[in-house]
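Analysis of the macromolecular model
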Amino acid sequence: MEEPFALIDRLRRAACLATRMEEGERGAGDALTRGLAPAQLHEIHALSQGEAASGAGFAIGCVLAAGARPILWLRTEAAERQGGRLHGPGLIAMGLDPADLVVVVVGDDSALLRAAADGARCPGLGTVIAEGWGAMRGLDLTASRRLMLAAEASGVVMILLRVGGQVVPSAATTRWAVAPAPSRALAAEAPGAPAYDLELLRRRGAPAGTRWRVEWNRDTQSFDPAPLSGARLPLVADRAAADRPPAPVRGTR
């Protein structure tokens, strides 16, 4: 028979763990209604190239939910070749004002990380999204800490959007895995709202592993619980535009 004091101690530890898990789920769920926390580094992983559009859509949804604009979106030339240019009509359909977005295409992963660090230091921005495909050379714990420190100093939301790359140790506050989910067809079988399968892979100071299925609500600018049936809906990438030259880059003031 278990000693009374040992039993009390075990129950106390179990209650503490349950509280931490509840707080972790509640805090992670805030990202689905209020967007990703400002002044922090976050990672969003689309685990394959075919899921790149869902990763981009989830990133934009988080930015819109947080109201963290304007947005500096950094991409490599490889991302432009493999994934196509960002699909403007899809972004607008989510509720993004084109005037709030500046897209910059850089040569390689090293230039991407340098530009991300510079952008994250700019308090005039709301969000910096750095989109890297594959292994993303130069991304390590030191590089991610540099991005985190810059975001903490400026208040910017810093997002690393990883497409098809392996997870590596980083200083990110949260790390999400995202994949496309079926969406509900609207009247006359029109395509429904963007839907995603999400898994919280990491949350600093709290348990991870929570999963959601959500869909984007343009009217409320937040994510709602999604149903389990419907048709898949491609969102943000425009492969047909991949062969066209990059759009001209607008500067920030």
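Below: a short report on this structure. Since the structure is predicted, the reported quantities are computational estimates derived from the model, not experimental observations.

It is worth spelling out the side chain of Arg-162 at this point. On the secondary structure map, Arg-162 appears in strand S6 (residues 157-163). In terms of polar contacts, Arg-162 uses its side chain to reach the backbone carbonyl oxygen of Gln-166, at 3.3 Å. Setting aside residues no more than four positions away along its own chain, Arg-162 makes contact with Ile-44, His-45, Ala-46, Gly-132, Gly-134, Ala-135, Met-136, Leu-139 and Val-168.

Before going further, it helps to spend a moment on the sheet that holds strand S10 (residues 222-225). Pairing within the open sheet is mixed, and its nine strands lie in the order S4-S2-S5-S6-S1-S7-S8-S9-S10. Pairing within the sheet leaves two strands with one partner each, and these edge strands are strand S4 (101-106) and S10. On average, each strand axis in the sheet is inclined to that of its neighbour by 30 degrees, with strand direction left out of account. Where strand S7 (residues 174-180) and strand S8 (residues 195-203) come together, seven bridges link them in antiparallel fashion. In the strand pairing of S8, Arg-175 is matched with Arg-202. The strands touched by helix H2 (residues 52-66) are strand S1 (41-46), strand S2 (71-76), strand S5 (127-133), S6, S7, S8, strand S9 (211-217) and S10; relative to S7, the strand with the most contacts, the crossing angle is about 125 degrees.

Moving on, we come to the pattern of salt bridges. Under the definition given, this model contains seven salt bridges. A salt bridge links Glu-131 to Arg-75, with the shortest nitrogen-to-oxygen separation between them at 2.6 Å. Here the residue Glu-131 occupies a position in strand S5, and Arg-75 occupies one in strand S2, the gap between them amounting to 56 residues. Taking the relative accessible area as the measure of exposure, Glu-131 reaches 4% and is therefore buried. Between Arg-121 and Asp-118 there is a salt bridge; the shortest N-O distance is 2.9 Å. Through salt bridges with shared partners, one network takes in Arg-75, Glu-80 and Glu-131.

Parameters and conventions
- Residue positions are given per chain, counting from 1 as you read along its sequence in written order.
- Where local features are concerned, this predicted model is filtered to residues with pLDDT of at least 70; where side-chain atom pairs are given and counted, the filter is 80 or more; whole-chain, interface and lining totals use all residues.
- Each side-chain value is worked out from all heavy atoms of the structure, with water and hydrogens disregarded.
- To qualify as a helix, a DSSP run of H or I must reach at least 4 residues; to qualify as a strand, a run of E must reach at least 2; elements of each kind are numbered from the N terminus.
- Any N or O atom pair separated by 3.5 Å or less is treated as a polar contact, with the protein-specific requirement of one donor-capable and one acceptor-capable atom, and with residues adjacent in sequence counted only for side-chain atom pairs.
- In this analysis, two residues are considered to be in contact whenever any of their non-hydrogen atoms come within 4.5 Å of each other.
- Paired strands, as defined in this entry, are two strands with at least two bridges between them according to DSSP.
- The convention used is that axes are lines fitted to C-alpha atoms, helices contributing only their stretch in contact, and that angles between N-to-C directions extend from 0 to 180 degrees.
- Put simply, a salt bridge is a Lys or Arg side-chain nitrogen that is within 4 Å of an Asp or Glu carboxyl oxygen.
- Categorising residues by exposure relies on relative accessible area from a 1.4 Å probe, with only protein chains included: less than 20% of the type maximum marks a residue as buried, more than 50% marks it as exposed, and the intermediate range marks it as partly exposed.

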